[in-house]
Amino acid sequence: MEEVKELAALIAPDGRLGAAINTGNKALVQDEGGRLSGISPALAARLAEELGAELVPVVYPGAGKVVADADTGRWSVAFLAVDPEREDRVAFTRPYVTIDTTYAVRPGGPATVKFVDAPGMTILSAAGSAYDLHLAKTIRHATIVRADSPGASMDRFAAGEGDAVAGVRASLLARFAEDTQAVILAEALASVGQAMAVPVALAAALPALDAFLVRAKVDGFIASAIDAGGAKGLTVPA
């Protein structure tokens, strides 16, 4: 198919597809001793197969570091939250899933998202993440303290720092579901569209990548990969 050949020439010209995989987002990626699973690795593997290319995963601990490397040539396709503030570095396809983000708080702490934003409250967040960008726009009273990655922000919360930690619901559940010193709020902080992304220099690849995602949705591949990963709080857009 001519469209596939043209896409391969754009994003895998040497026969290798560099795919940025953000292990900080547990809803999209599960890392079991270096074995990656979940919807992002599954889509990357399917795309490489369609292109007839070797998949080369480039693993990152957080989305901010993926975006920072957009013009380095380390990767040619990534899986990121859609945000206009990133569009000077990357170009996005249509979203293939939406993800709930929320807070984990201390027992006896705020019961809703609204009351986390209060004077004297400290919110831990991962710098450059989609929910951190949301917090930067919406928090008026609490203090935001940023860590280098989602894992680092949750580590600091687990060690006793801060009153709340923001994150992807699936990541918070994976870390704190059995922790008696953390309560994950039922209310969503924000629902974030997750898309494939390419460096802006490769934006011509977007129509073919959109078509790829449509095929993966229509034939049930995306829903099956989500079910296999067992992640919570994901919705496939209509």
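In this text, all values refer to a predicted model and were calculated from it rather than measured experimentally. (Residues numbered from 1 in each chain as written. Predicted model: local features only at pLDDT ≥ 70, side-chain atom pairs only at ≥ 80, totals over all residues. Heavy atoms only, no water.)

A.B. asks: Quick rundown of the packing of helix H1 (residues 2-11) against helix H7 (residues 206-218)? Include the residues and the values.
C.D. replies: Where H1 contacts H7, the two axes come as close as 10 Å, and the packing angle between them is 120 degrees. Classed by the angle they form, the pair H1 and H7 counts as oblique. Handedness of the crossing formed by H1 with H7: left-handed. Two secondary-structure elements touch here, H1 through Glu-3, Leu-7 and Ile-11 and H7 through Ala-208, Leu-209, Ala-211 and Arg-215. When its residues are assigned to classes, the contact of H1 with H7 shows five nonpolar, no polar and two charged. (Axes fitted to C-alpha atoms, helices over the stretch in contact; angles between N-to-C directions. Helix = DSSP H or I, 4+ residues; strand = E, 2+ residues; numbered from the N terminus. Parallel < 35°, antiparallel > 145°, perpendicular 65-115°, else oblique. Left-handed = near helix turned anticlockwise from the far one by under 90°. Contact = heavy atoms within 4.5 Å. Nonpolar A, V, L, I, M, F, W, Y, C, P; charged D, E, K, R; others polar.)

A.B. asks: Before we move on, could you go through the environment of Ala-203 and cite the residues and values that matter?
C.D. replies: Inspection of the secondary structure puts Ala-203 in the loop between strand E11 (190-199) and H7. Judged by relative accessible area, which is 30%, Ala-203 ranks as partly exposed. When residues no more than four places from it in sequence are discounted, the contact partners of Ala-203 are Ala-91 and Val-198. (Buried < 20%, exposed > 50% of the residue type's maximum accessible area, 1.4 Å probe, protein only.)

A.B. asks: Give a detailed account of the environment of Arg-169, specifying residues and quantitative values.
C.D. replies: On the secondary structure map, Arg-169 appears in helix H6 (residues 169-176). Sequence separation between Arg-169 and Phe-157 is 12 residues; the distance between their C-alpha atoms is 15 Å. Residues within four places of Arg-169 in sequence aside, it is in contact with Asp-100, Thr-101, Thr-102, Ile-184, Leu-185, Ala-186, Glu-187 and Ala-188. Polar contacts involving the side chain of Arg-169 include one to the main-chain carbonyl oxygen of Leu-185, which spans 2.9 Å. (Polar contact = N/O pair within 3.5 Å; in protein donor to acceptor, adjacent residues only side chain to side chain.)

Read these as spatial facts, not as claims about activity.
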